[in-house]
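Architecture and fold: a report
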Amino acid sequence: MADSQLLAAAKNYLDITWDDPEGDRKLSGILGRGMKYLDGIAGRELDYSTEDKPRELLFDYARYVRSNALDEFQGNYLHELLALQISEEVKGDTGKASGV
């Protein structure tokens, strides 16, 4: 499940301006599943608290799910998902090389 700050940021990104506790629970679940999906691609737990590529991809994932178009997300974002995966692999290899 997403924390309240991430949920608020996602609602802002998705232009959700109304209060709906059930909708918030649903969006929180979508964000949680999206984080697991992106973490799996990256091979590690990502930081979604900062304005960076993982957060951008998470919010776009949520946008696709809310539009009933999740099956199109991977195809449309394949380049960015692969770049994320490679970037995280490089970070991991750098950490191993430096003994971290």
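For the structure itself, look to the data block above.
Residues numbered from 1 in each chain as written. Predicted model: local features only at pLDDT ≥ 70, side-chain atom pairs only at ≥ 80, totals over all residues. Heavy atoms only, no water.

**A look at the layout of surface pockets**
Applied cut-off: With a 1 Å grid laid over protein atoms only, a set of points is called a cavity when a 1.4 Å probe fits there but cannot get out and a pocket when it is open yet has protein on both sides within 12 Å along at least five of seven lines; lining residues have an atom within 4 Å of a point. Grid points are joined across faces, edges and corners, and a volume is the space filled by probe spheres set on the points. What counts as a helix is a DSSP run of H or I of at least four residues, what counts as a strand is a run of E of at least two, and both are numbered from the N terminus. Each residue gets one label: Ala, Val, Leu, Ile, Met, Phe, Trp, Tyr, Cys and Pro are nonpolar, Asp, Glu, Lys and Arg are charged, and the others, such as Gly, are polar.
By volume, the largest pocket amounts to about 200 Å³. Around the largest pocket sit Lys11, Ile16, Trp18, Asp20, Gly23, Asp24, Lys26, Leu27, Ile30, Val65, Arg66 and Asn68, which together line it. Sorting the residues of the lining of the largest pocket by element identifies α2 (21-42) and α3 (53-66) as the ones contributing at least two each. Counted by class, the lining of the largest pocket contains five nonpolar, two polar and five charged residues.

**With respect to the packing of α2 against α3**
The test is simple: The axes are straight lines fitted to the C-alpha atoms, using for helices just the contacting stretch, and the angles between their N-to-C directions are given from 0 to 180°. For classification, angles of less than 35 degrees are called roughly parallel, those exceeding 145 degrees roughly antiparallel, those between 65 and 115 degrees roughly perpendicular, and all remaining angles oblique. Each crossing gets its handedness from the near helix: less than a right angle anticlockwise from the far helix is left-handed, clockwise is right-handed. Here, two residues are considered to be in contact whenever any of their heavy atoms come within 4.5 Å of each other.
At a minimum axis separation of 9 Å, α2 and α3 run at an interaxial angle of 125°. With respect to their mutual orientation, α2 and α3 come out oblique. At the point where α2 passes α3, the crossing takes the right-handed sense. Contact residues: α2 offers Leu27, Ile30, Leu31, Arg33, Gly34, Met35, Tyr37 and Leu38, while α3 offers Pro54, Leu57, Leu58, Phe59, Tyr61, Ala62, Val65 and Arg66. Looking at the contact of α2 with α3 residue by residue, the classes come out as 13 nonpolar, one polar and two charged.

**Details of the packing of aromatic side chains**
The following threshold applies: Only the six-membered ring of Trp is used, alongside the rings of Phe and Tyr, when aromatic pairs are assigned; centres must lie within 6.5 Å, and planes under 30 degrees apart are stacked while those over 60 apart are edge-to-face, with the rest tilted. In this scheme, a residue with accessible area under 20% of its type's maximum is buried, one over 50% is exposed, and one in between is partly exposed, where area comes from a 1.4 Å probe on protein chains only.
For the structure shown, the criterion picks out seven aromatic pairs. With 5.5 Å between their ring centres and 40° between their planes, Tyr13 and Phe59 make a pair best called tilted. Placement of the pair is Tyr13 in helix α1 (residues 4-13) and Phe59 in helix α3, with a sequence separation of 46 residues. On the numbers, 5.6 Å between centres and 75° between planes, the contact of Tyr64 with Phe73 is edge-to-face. Of the two residues, Tyr64 and Phe73, both sit in the buried class. Among the aromatic residues, those joined into a cluster by ring pairs are Tyr37, Tyr61, Tyr64, Phe73 and Tyr77.

**Focus on the pattern of salt bridges**
It is possible for side chains bearing opposite charge to pair when their charged atoms get close. Operational definition: Here, a salt bridge means any side-chain nitrogen of Lys or Arg that lies within 4 Å of a carboxyl oxygen of Asp or Glu.
Applying the stated criterion across every chain yields a total of eight salt bridges. Across the pair Glu80 and Lys53 runs a salt bridge, and its minimum N-O distance is 3.0 Å. Within this pair, whereas Glu80 is found in helix α4 (residues 70-97), its partner Lys53 is found in helix α3, the two being separated by 27 residues in sequence. Under the relative-accessibility criterion, Glu80 is labelled partly exposed at 23%. Residue class for Lys53 comes out partly exposed when judged on its relative accessible area of 29%. One continuous salt-bridge network, built from bridges that share partners, spans Arg44, Glu88 and Lys91.

**What to know about the environment of Arg55**
Following the sequence through the fold, Arg55 ends up in helix α3. Sequence separation between Arg55 and Ala10 is 45 residues; the distance between their C-alpha atoms is 9.1 Å. In this structure, Arg55 is in contact with Leu6, Ala9, Tyr48, Ser49 and Thr50, ignoring residues within four places of it in sequence.

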